[in-house]
Amino acid sequence: MNESRTPLRILAPEGSAPTILRELSRRRFLSIAALTGGAAVLAACTPGGGGSPAPQATGGALENSLSIYTWGDYDSPEVVAAFTSELGPRITLDSYSSNEELIAKLIAARGTSGFDIVVPTGVFVPQMIENGLLTKFNKDLLPNLSNIDPAYLGRAWDPTNDYSVCKAWGTTGFVYDKTLITRELTTWGDFFDAAQNEASGKTSMSDDPAGVVGAYFWAEDMDWNTEDPDDLEACRAFLVDEIAPHISAFDSYPGTNSIPQGTQMLMQAWNGDARLGILEASDPDRWQWVLPGPITELWMDNWAIAEGAPNPEAAHAFINFSMTPENLALNLDYIGYNVGGKDMEQAAIDEGLELTDLIFFTPEQLATMREQELNDSQTVRVEIWNEMKVAAGA
Amino acid sequence: MTQTQTETILRAREEPGRGAKPPRGPRKSWSDIAFNVWGVLVMLFLFAPIIVIVIYSFNTGRLLVSWDGFGFDAFLTILEKPAIQNAVRVSLITAVFAAIIATALGTLAGIAMARHPGKWVWWFLSLLLLVSVTPEIVDAVALLPWFVLLGQDLGIGMFNDGYVRLSVGSSLFATAVVSYIVRARLVGQDANLEEASADLYAKPITTFRRITLALAMPAVLAGFLLAFTLSLDNTIVAAFVQVSGTTPWPVYVLSAVRSGLRPEIAAVSTIMLLLTLLALALVAFVLRRAGDSATQIARTMTGG
Amino acid sequence: MRSRSAGAALAIPAWAWLLVFFVAPVAMVIWFSFGYKPGVFGTHSNDILSLDRYAEALSPTFFATFQNTLWVGLIGTALCFLIGAPVAYWMAFKVAPHRRGILIALVLVPFWTNFLVRTIGWQVILAPEGWMSGLLQGIGILDGPLEILYTRTAVIIGVVYNYLPLMVLPLFVAFDRVGPALREASKDLGAGKLATFFRVTLPLSRPGVIAGVLLVFIPLMGDYITATVLGGARGNMVGQLVASQFQTAQNWALGSAMAVVLMLVIMLTIAVAAAVIWVVTLPFRSSNRLVLGPEETKTDADTPAPAEVMS
């Protein structure tokens, strides 16, 4: 937390100075500012609907409750409790285990789902915007956007951050057992090579077509969102015929079981998941994490507000609240992924966070990470993934 | 010699309180011992992973599967997470509702199939078969738009409530299960007792209540327990039809896998296990203390 | 008959419930299966109806996966029966009556723990570097680490474990229905334990056996999560294919078509199995026909039909 902020000067009657000093915390100031700003907006705005869909929240009073539909255990309980005690609304957390489930729910509910905040992964945001499932942010209510590192704003799925903002982001790499695979692996090509040789029958890949099909294109340094049928056919031939027979499991979370229990030799994994596994393993030095070249993935979970949210003010307030430096740090510590805040690395190292190189990446590393794009090739990718499973299980 | 055996058994049943132990009769044969051993082994097999989970609920580490040290941290953390408490509560309540619905419907249907067969039984069995054969994901994606239709478009507000949706969704397969079991219990068992009852001028409803239902009672209770169990674990349908504020426990667990399962999950399972065992012990204790008539009821219920 | 139709009316609530909450929605899904996926961001559309999704569903991938699933399903059900039947028998006949209720509940108690948590419990038990592996190596039963995880054996263990109560309970209820009287009569007539079981107890409890087998086999064919967690790639089941179309591919039309094909194939398998069993037991049935009562005397008034006892 940096201390270099210009002091706030207030001219006030002497008697009220202690009150002001007591009451004026930064958060209070922001909410009061939001309220007055909102009141001004309200006063200025004319009745009668506008043409384009306007953000619902206008900076009015916060409602009594807030409903968040998110991944399980994805928010620090301290942040959630602090929000309720400082700003008031009671929070209800509901969980889903896949983006597609979230989208299906919102589409079927047609705006009456009752959820305020949802947390989609970036690649699905265009689909949700297209289907009218999200409302635009009222950026006036999100001044803490300035605490987010600009490198993580303006991503391909939402360049203007009108609908979504980074909550946490990660990448895909792999982990291998140093004692059994003695040579150094650094690229996706090395990964596939080891899978066919030393780690045959003890390799796991993600249970997810994006990561599995993507690995081939990352190894070949090609655009992994390609729709070219020849490229996809080459990918299928390689993965199904040459790699699949050596795969023993399709597991998206090796950090939660394979790494601590030592059941595999080579595992494709997300950085946060790998970090968790290595930290919790009985012998961490046995495992080596690799951010493989030449290219790999960048995925991002985003705050977003659902269409028809019953508590838009509270929704904005919570998203804003989560982006204060203290709360960013709390969430970073709790979930173990980069939460996108500015200048968090040094503070995290000072606080004693371990294996920070699995959370914070250099700009050069960041440049090798590519985002996913959902397109017509999705059907073929799912087919390839299913065929791999059949070939691996034979 | 057989007569003595039968007499001995009958006497032992009639007078449970006589002496410290009822007369044991002849020594247990090898097959009896083998059965006892097998039964115990299978029980151990069933409880093996549960025992592991109970042990790991005292894990002070970050990950459930990675043992760090012994402590009660996980139990204390549950108090800080209202999401977990809500999830368990939602699951228990909807499981009870779903079990009641499934048992009521399934018992009636099973009795109807066994006692009043006709052409319609084939159709009904086919329907039950269809219910069993349908993959859960199909049920889930089908029920969600259906509930929205009923709740929003047709305005039947009840279907917007999370508990109603979850109970209905969980009760479908359970109804089929209970119907099968009750029918299996009654079918082929002659309707003599019911006829006798009718001959003795009992009204149909009395016959139903005191004869048919009593005969089917072990199946009804077994069905209720099974329906409760199935509903408690209902994941996929529950995930799709849940509404804000009613996330059931299995959905929470599955969605927490992404962030790495914590020992709190095991701690909750341990608490639920303890509560269940306590409830069972309480029931057994109450029945034993309540006297002979209650013990008789218990015996009838378990087919003694 | 009035009483018969009144009695059949007992089933009406169940009919209505299932029709409204099951048949109607599933009919919708079957309707979906004739549609298509309208572009990247849509899930389903029925503007154009066709059977193309069924052609896609009947792919080699589907059949290869179905083969694996069928293998697991048959072996799993058979093992459930072999393991569960003695337990049900023990509970019905060998255990003191006042203990039976507790035992029924105890069989179910493990399943009041979430299934993923139970499966993780198995993962911990079967871990190659876990305590059980160490124990077995220490005793000398194993030469190296326990290599069951991510094999077909692990799939079978997981699957049998999850469905054992669904086999034990119907079997218990059915065995219990047989009661001690007929079994004692059989023993009085000189039959040994095995003969009594196969010729008296088992045939009389046939509805329960069928219920147990169906209640295990059918859901097992659609199950997939436990199989993949414990068996890895070896646990590839066809239910996962269906789910992947509804979830990952967001192609509800294809998913619906696959689901319909899966349901039809399961029903076909059951029909084939029933036919096979009927044919196989044909010689047993005819040879066991036991005719009681006098055959030679015939009166004008009444021809006593020879009572036939078939096992």
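Residues numbered from 1 in each chain as written. Chains lettered and ligands numbered in written order. Predicted model: local features only at pLDDT ≥ 70, side-chain atom pairs only at ≥ 80, totals over all residues.

Section: the overall build of chain A
Looking only at helices and strands, one finds 15 helices and eleven strands in chain A. Taking all 394 residues of chain A together, 52% fall into the buried category. In chain A, 77% of the contacts between residues at least 6 apart in sequence involve partners at least 24 apart. (Helix = DSSP H or I, 4+ residues; strand = E, 2+ residues; numbered from the N terminus. Buried ≥ 20, exposed ≤ 12 C-beta atoms within 10 Å, placed from the backbone. Contact = placed C-beta atoms within 7 Å.)

Focus: the overall build of chain B
Assigned secondary structure in chain B consists of 13 helices and zero strands. The secondary structure elements of chain B, listed N-terminal to C-terminal, are α-α-α-α-α-α-α-α-α-α-α-α-α. Residues counted as buried form 46% of the 304 residues belonging to chain B. Intrachain contacts of chain B at a sequence separation of at least 6 include 76% that bridge at least 24 residues.

Quick look at unusual backbone geometry
Cis geometry is found at the peptide bond from Gly293(A) to Pro294(A), where omega equals -10°. Mapped onto the elements, Pro294(A) comes out in the loop between strand 9 (287–290) and strand 10 (296–306). Residue Tyr201(B) is not a glycine yet carries a positive backbone phi of 70°. Mapped onto the fold, Tyr201(B) is located in the loop between helix 8 (192–199) and helix 9 (204–232). Positioned with a positive phi, Gln250(C) is a non-glycine residue whose angle comes to about 50°. A count of 25 C-beta atoms within 10 Å places Gln250(C) in the buried class.

As for the domain arrangement of chain B
Looking at the assigned domains, one finds that chain B contains domain 1 (35–71 + 263–304) and domain 2 (88–261). Summarising the inter-unit geometry, the C-alpha centres of domain 1 of chain B and domain 2 of chain B are found 24 Å apart. (Domains from an automatic or database assignment.)

Description of the interface of chain B and chain C
Between chain B and chain C, the residue contacts involve 87 residues of the former and 77 residues of the latter. Here the side of chain B that touches chain C gets 16 residues from one element, more than from any other, and that element is helix 2 (residues 30–56) of chain B. Across the side of chain B that touches chain C, the residue classes break down as 59 nonpolar, 21 polar and seven charged. (Nonpolar A, V, L, I, M, F, W, Y, C, P; charged D, E, K, R; others polar.)

Points about the interface of chain B and chain A
Of the residues lining the interface, 31 residues belong to chain B; the matching set on chain A comes to 32 residues. Residue classes in the side of chain B that touches chain A are distributed as 16 nonpolar, ten polar and five charged.

Regarding the domain arrangement of chain A
All names here are of chain A. The domains assigned to chain A are domain 1 (27–39 + 60–169 + 299–350) and domain 2 (170–297 + 362–393). One C-alpha centre belongs to domain 1, the other to domain 2; they are set 30 Å apart. Contacts between the two partners involve 15 residues from domain 1, matched on the other side by ten residues from domain 2. Contributions of two or more residues to the side of domain 1 that touches domain 2 are made by helix 5 (125–130) and strand 5 (164–177). In the side of domain 1 that touches domain 2, the residues fall into ten nonpolar, four polar and one charged.

Concerning the pairing of strand 8 (residues 266–270) of chain A
Residues and elements named next belong to chain A. A large share of strand 8 lies buried, amounting to five of its five residues. Here strand 8 shows no split at all, with Leu 266, Gln 268 and Trp 270 on one side and Met 267 and Ala 269 on the other all buried. The sheet contact formed by strand 5 and strand 8 spans five bridges and is antiparallel. Residue pairing in the sheet places Thr 172 in a bridge with Trp 270 of strand 8. With two bridges connecting them, strand 6 (residues 203–205) and strand 8 associate as parallel partners. For Thr 203, the partnering residue across the bridge sits in strand 8 and is Leu 266. (Pairing = 2+ DSSP bridges.)

Brief notes about the confidence of the model for chain B
Residues and elements named next belong to chain B. Confidence in the prediction for chain B averages 82 pLDDT; 85% of positions are at 70 or higher. Within chain B, helix 2 carries the highest mean pLDDT (93), whereas helix 13 (residues 292–301) carries the lowest (48). A low-confidence stretch, residues 300–304 stays under pLDDT 50, and its non-local contacts, those more than four residues away or across chains, total 17 contacts. What the predictor reports for the complex is a pTM of 0.82 with an ipTM of 0.83. (pLDDT = per-residue confidence, 0-100.)

Things to note about helix 7 (residues 162–186) of chain B
All names here are of chain B. Taking 1.5 Å of rise per residue, the 25 residues of helix 7 would be expected to cover 36 Å, and the 36 Å separating its terminal C-alpha atoms lies within 8% of that figure. When the local axis directions of helix 7 are compared, the greatest deviation, roughly 40°, occurs at Leu 172. Buried residues dominate helix 7, accounting for 24 of its 25 residues. (Expected span 1.5 Å × (residues − 1). Bend = angle between axes of the 7 residues up to and from the residue.)

Quick notes on the packing of helix 2 of chain B against helix 6 (residues 115–126) of chain C
Where helix 2 of chain B contacts helix 6 of chain C, the axes come no closer than 8 Å and their chain directions differ by 90°. Taken together, the axis directions place helix 2 of chain B and helix 6 of chain C in an arrangement best described as roughly perpendicular. Across the interface between the two elements, Ala48(B), Pro49(B), Ile50(B), Val52(B), Ile53(B) and Tyr56(B) from helix 2 of chain B touch Val117(C), Arg118(C), Gly121(C), Trp122(C), Val124(C) and Ile125(C) from helix 6 of chain C. Here the contact of helix 2 of chain B with helix 6 of chain C is composed, by residue class, of ten nonpolar, one polar and one charged. (Axes fitted to C-alpha atoms, helices over the stretch in contact; angles between N-to-C directions. Parallel < 35°, antiparallel > 145°, perpendicular 65-115°, else oblique.)

Some points on the packing of helix 4 (residues 82–115) of chain B against helix 2 (residues 12–32) of chain C
Where helix 4 of chain B meets helix 2 of chain C, the closest approach of the two axes is 7 Å, and the angle between their N-to-C directions is 125°. In terms of axis orientation, helix 4 of chain B runs oblique to helix 2 of chain C. The two elements helix 4 of chain B and helix 2 of chain C cross, and the hand of that crossing is left-handed. Residues Leu105(B), Gly106(B), Leu108(B) and Ala109(B) of helix 4 of chain B form the contact with helix 2 of chain C, whose own contacting residues are Pro13(C), Ala14(C) and Trp17(C). (Left-handed = near helix turned anticlockwise from the far one by under 90°.)

What about the pairing of strand 10 of chain A?
All names here are of chain A. Counting buried positions along strand 10 yields ten of eleven residues, so the element is predominantly enclosed. Sheet analysis places strand 3 (residues 117–118) next to strand 10, joined by two bridges and oriented antiparallel. Each residue of the ladder has a partner; that of Val 118, found in strand 10, is Ala 304. Here two bridges tie strand 4 (residues 134–135) to strand 10, and the two strands are oriented antiparallel to one another. In the strand pairing of strand 10, Thr 135 is matched with Ile 305. Taken together, the seven bridges between strand 5 and strand 10 define a ladder with antiparallel strand orientation. Bridge pairing links Cys 166 to Asn 302 in strand 10.

Side note on the confidence of the model for chain A
Residue and element names in this part refer to chain A. Looking at chain A as a whole, its pLDDT mean stands at 86, while 86% of the residues score no less than 70. Within chain A, strand 3 carries the highest mean pLDDT (96), whereas helix 2 (residues 26–44) carries the lowest (42). Confidence drops under pLDDT 50 across residues 29–54; counting only partners more than four residues distant or on other chains, this segment forms 18 contacts.

What to know about the nonpolar core
In terms of nonpolar packing, the biggest core is built from 295 residues, with Val141(B), Val177(B), Ile181(B) and Ala227(B) touching the most fellow members. The element contributing the most residues to this core is helix 8 (residues 152–188) of chain C, with 19 residues. Setting aside its immediate chain neighbours within four residues, Val177(B) contacts Gly223(B), Leu226(B), Ala227(B), Leu230(B) and Leu215(C). (Core = buried A, V, L, I, M, F, W, Y, C linked by C-beta atoms within 7 Å.)

Details of the environment of Ile305(A)
Residue and element names in this part refer to chain A. Counting through the fold element by element, Ile 305 comes out in strand 10. The class for Ile 305 is buried, based on 26 C-beta atoms found within 10 Å. The sequence separation of Ile 305 and Met 205 amounts to 100 residues, and the corresponding C-alpha distance is 33 Å. Not counting residues up to four positions away in its chain, the partners in contact with Ile 305 are Asp 116, Ile 117, Leu 134, Thr 135, Phe 137, Pro 312 and Ala 315.

Examining helix 8 of chain B
In terms of burial, helix 8 of chain B is largely open, as just zero of its eight residues are buried. The positive-phi residue at the C-terminal boundary of helix 8 of chain B is Tyr201(B), with phi of around 70°.

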